[in-house]
Amino acid sequence: MSNVKTAITILWFLFTIVIGSYYFVLTNDVQNLEKELAQINRDIENDIRDIHILEADWSELNNPERLKVLAGKYISLDFIKPEQIINYSALPLEGEVFENPTMFAKNTRGLRQLANSER
Amino acid sequence: MKLGISKKKNNYLFAPGQEIYFSSGSFGWETEDETVNICRSRILFIIGVFLFIYLVIVIRIFNVCLVDGIQLDREAFSYYRPKSDLVFPVHRANITDRNGIVIATNLPTVNLFTNPKKVSNAKLIARKLSEIFPTISYEDFLIKLTRKSSFVYLKRNISPHQQALVNSLGFPELEFQPSEIRVYPQKELFAHILGNTDIDNNGIAGLEKSLNDRLSSSTKDLRLTVDLGVQYAVREELLKAKEKYGAERATAVVMDINSSEIIALSSVPDYDLNKRGFKDKNIKFNFATLGVYEPGSVFKVFNTALGLDSGKIKITDSFDATKPLKMGRHLITDYRVPAKWLTVGETLIHSSNIASALMALKVGKQLQIKFLKNLGLFDRIDNLEIYEKGRPLHRSEKSWQDDTVATTAYGYGISVTPIHIITAFSSVLNGGIYTPPTLTFESNRKSKRVISSQTSMDMRKLLRDVVIYGSAKNANIDGYEVAGKTGTANKLEKGKYVKGKNMTSFVAAFPINDPKYALIVIIDSPKPSKETWGFTTSGWNAVPTGGKIISRIAPQLNVQPNYDLDTQKMNVFKSYTEKN
């Protein structure tokens with residue numbers, strides 16, 4: 001009987017050690033994960049802050065006055081004029097206007113008149 | 001060697017060779033056995049004590065690692081909490097335009113502060129700080145550092161670079177406090193709409209003040225109805241007009257004619273919102289919403305709409321404008337109007353005061369007051385979110401006699417703000433629905449019908465004729481059918497009309513076949529010039545400015561010009577020949 005008792009005691013003892021160790025490891029893991037989560041959150045917050053600042057920067061870079069100066073300097077772009085907005089059917093074929101304006105004018109009454117008046 | 005004799009205590013007789021120990025704890029001498037026993041028990045006691053200490057340490061380690069550890073860990077990282085709900089870097093919401101471009105934002109900064117009582121070498125610190133912050137003198141820093149208090153800000157809102165420089169000085173007395181600064185990336189562009197905040201980020205003007213609770217209680221962006229590109233175009237044209245006509249001020253508002261959303265609102269002169277300490281109060285005056293003025297002939301739009309909608313006047317009716325009209329003390333005259341009977345359309349085209357007054361008198365006082373009230377021209381527009389709002393000035397209903405009925409018809413004797421006029425104008429041309437104006441998408445507004453749809457259609461036609469044949473010809477933009485009305489009124493200063501000073505207005509809508517947007521332009525005190533042939537009436541300044549604004553903003557607002565196919569092809573051809 002005493003042997004059985006001893007065995008049970010040892011078993012319980014081992015079981016306690018296993019459970020305790022497992023609990024210890026698990027808690028450690030949770031702590032590490034919490035630290036990792038906190039770090040991730042800090043990183044996200046830093047990213048949000050950076051994006052927030054970049055949005056302000058982007059707005060400043062998009063200042064119309066600045067864009068106007070840059071567009072005029074590098075790409076000769078000006079404000080869009082009403083006559084630049086045309087319907088699809090008024091679109092010339094590729095090269096039609098640029099290579100052969102007379103052909104383009106041929107089927108257009110207004111242009112024909114314009115061409116005649118210039119002649 | 002053990003002897004039985006030694007077991008006896010207090011025995012002073014010892015055998016020869018027996019080891020004798022002196023025992024301080026007993027009265028006499030002890031034998032070796034007793035001593036061993038005592039040592040053994042003492043060792044056991046010490047082992048017990050050490051075991052107990054070890055046990056305590058183990059329990060404590062266990063406790064610290066597993067129980068307290070979690071709590072301590074939480075506390076250690078509490079600065080970065082909460083975990084599930086991320087902390088936004090700033091505490092005041094952004095303001096964006098309708099396309100989401102940020103026009104007001106808070107940036108995280110730090111404040112540099114110290115406890116002067118702990119400062120050991122004030123002169124050295126002051127010298128070093130004045131090198132890092134050249135705008136603040138050594139003396140100023142020294143005064144702050146030697147002040148008899150326990151807290152003083154040395155510099156608020158310093159940049160990260162400056163913070164690094166201060167840190168590198170290595171003075172432990174210099175401390176940092178997280179802070180925020182309100183920044184307006186578009187500088188002057190939305191000056192009068194946004195207003196400003198004080199150093200503690202509380203709104204002190206404009207939307208920043210009126211929506212302070214909304215902006216400080218939520219970090220969700222506040223989206224406005226204004227459009228950055230349109231606002232820029234409007235402001236630029238106003239600046240040009242102010243310069244060109246030597247005006248004291250120029251103001252314009254662009255409004256979505258159906259929803260009454262304000263697309264652009266500008267009044268120049270204005271100011272850079274990022275700067276402080278402007279001495280000229282004039283630049284902070286938001287004329288568009290606060291400037292109460294006598295609008296003059298633009299009121300004829302409402303007078304005509306009232307007449308037609310009341311049914312008392314037909315569009316074919318004529319009015320005698322051959323001679324001045326005497327109303328009590330007032331003699332109503334016309335300016336450059338043919339002296340003849342004028343139809344309703346001609347009344348607007350020639351902007352006849354006499355015919356308008358006759359029209360109003362035919363309608364009567366009660367209907368006129370009711371109509372103007374319906375158009376919101378008697379009350380402050382409380383619904384509008386901006387803080388600075390003007391209350392119209394008008395006579396009381398009791399003292400509203402026939403002369404008031406007559407003068408109100410052509411915009412004298414009543415003062416309103418530009419925002420009142422454009423909102424009422426929109427409701428006349430949008431089909432007859434009045435909707436209070438707004439600057440945000442978060443407002444609750446109730447619309448109401450003020451005139452019939454048929455009257456609205458008639459008004460579109462009549463006002464289109466004003467642009468084709470009347471005083472607003474300079475706004476007849478190729479491609480867009482603009483309809484509008486001009487107004488020129490003597491400027492009132494300190495209750496007196498100033499000779500030679502005019503307030504000129506132009507109110508317009510486009511494209512009139514299906515109106516999308518309304519515009520009002522006001523030029524304050526334009527000067528005559530050779531270019532304007534010495535005139536200072538609306539047609540020579542407000543109208544061309546309005547025309548330029550429309551031709552610039554209409555393509556931006558995606559309003560399709562009404563060119564036919566041939567004209568469009570010609571435009572392509574012309575654009576090609578211009579380039580080559």
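Just above, that's the structure.
These notes cover the structure that comes with them.

The rules behind the values
- Residues numbered from 1 in each chain as written.
- Chains lettered and ligands numbered in written order.
- Predicted model: local features only at pLDDT ≥ 70, side-chain atom pairs only at ≥ 80, totals over all residues.
- Pairing = 2+ DSSP bridges.
- Helix = DSSP H or I, 4+ residues; strand = E, 2+ residues; numbered from the N terminus.
- Axes fitted to C-alpha atoms, helices over the stretch in contact; angles between N-to-C directions.
- Contact = placed C-beta atoms within 7 Å.
- Nonpolar A, V, L, I, M, F, W, Y, C, P; charged D, E, K, R; others polar.
- Buried ≥ 20, exposed ≤ 12 C-beta atoms within 10 Å, placed from the backbone.
- Core = buried A, V, L, I, M, F, W, Y, C linked by C-beta atoms within 7 Å.
- Domains from an automatic or database assignment.

Some remarks on the sheet that holds strand E20 (residues 517-524) of chain B
All names here are of chain B. Sheet architecture is open: five strands sit in the order E11-E10-E20-E19-E18, paired in antiparallel fashion. Looking along the sheet, the strands with just one partner apiece sit at the ends: strand E11 (262-268) and strand E18 (483-493). Averaged over all neighbouring strand pairs, the angle between strand axes comes to 10°, with direction disregarded. Here eleven bridges tie E18 to strand E19 (residues 496-510), and the two strands are oriented antiparallel to one another. Bridge assignment links Lys 491 to a residue of E19, and that residue is Val 498. Of the strands in this sheet, strand E10 (249-256), E11 and E20 are in contact with helix H8 (residues 228-244), which crosses E11 at around 30°.

Remarks on the interface of chain B and chain A
The interface is formed by 43 residues belonging to chain B together with 42 residues belonging to chain A. Elements represented by at least two residues in the side of chain B that touches chain A include exactly helix H1 (32-76), strand E4 (102-114), H8, helix H17 (542-556) and helix H18 (565-579) of chain B. It is H18 of chain B that contributes the most residues to the side of chain B that touches chain A, ten residues altogether. Here the residues of the side of chain B that touches chain A sort into 27 nonpolar, ten polar and six charged.

Details of the environment of Ile 48 of chain A
Residues and elements named next belong to chain A. Here Ile 48 lies in helix H1 (residues 2-61). What makes Ile 48 partly exposed here is the crowd of 15 C-beta atoms within 10 Å. In sequence terms Ile 48 and Ala 38 are ten residues apart; their C-alpha atoms lie 15 Å from each other.

Let's talk about the nonpolar core
Residue and element names in this part refer to chain B. By size, the foremost hydrophobic cluster in this structure holds 121 residues, and its most contacted members are Leu 194, Val 253, Val 254, Val 482, Ala 508, Leu 519 and Ile 550. Built from parts of two domains, this core gets at least three residues from each of domain 2 (95-223) and domain 3 (233-565). Not counting chain neighbours up to four residues away, the residues in contact with Ala 508 comprise Ala 475, Val 482, Ala 483, Gly 484, Ala 518, Leu 519, Gly 546 and Ile 550. Formed by eleven residues, the second largest nonpolar core is a distinct cluster that contains Val 110, Ile 125, Phe 141 and Val 166.

Side note on the pairing of E10 of chain B
Residue and element names in this part refer to chain B. For E10, a buried count of eight out of eight residues is recorded, marking the element as mostly surrounded by other parts of the structure. Burial along E10 is two-sided: the face carrying Arg 249, Thr 251, Val 253 and Met 255 and the face carrying Ala 250, Ala 252, Val 254 and Asp 256 are both buried. Bridge analysis of E10 against E20 gives eight bridges, and the strand direction is antiparallel. Note that in E20 the partner of Val 253 across the bridge is Ile 520. In this sheet, E11 lies alongside E10 in antiparallel orientation, the contact comprising six bridges. In the sheet register, Val 254 faces E11, and the bridge partner there is Ala 264. Once E10 ends, the chain turns through five residues before running back antiparallel as E11, passing Ser 260 with a positive phi of about 60°.

Some thoughts on the environment of Glu 442 of chain B
Considering the arrangement of structural elements, one finds Glu 442 of chain B in the loop between strand E16 (433-434) and strand E17 (448-449). The spacing of Glu 442 of chain B and Ser 297 of chain B is 145 residues in sequence and 34 Å in space, taken between C-alpha atoms.

The analysis is restricted to geometry; functional conclusions fall outside its scope.
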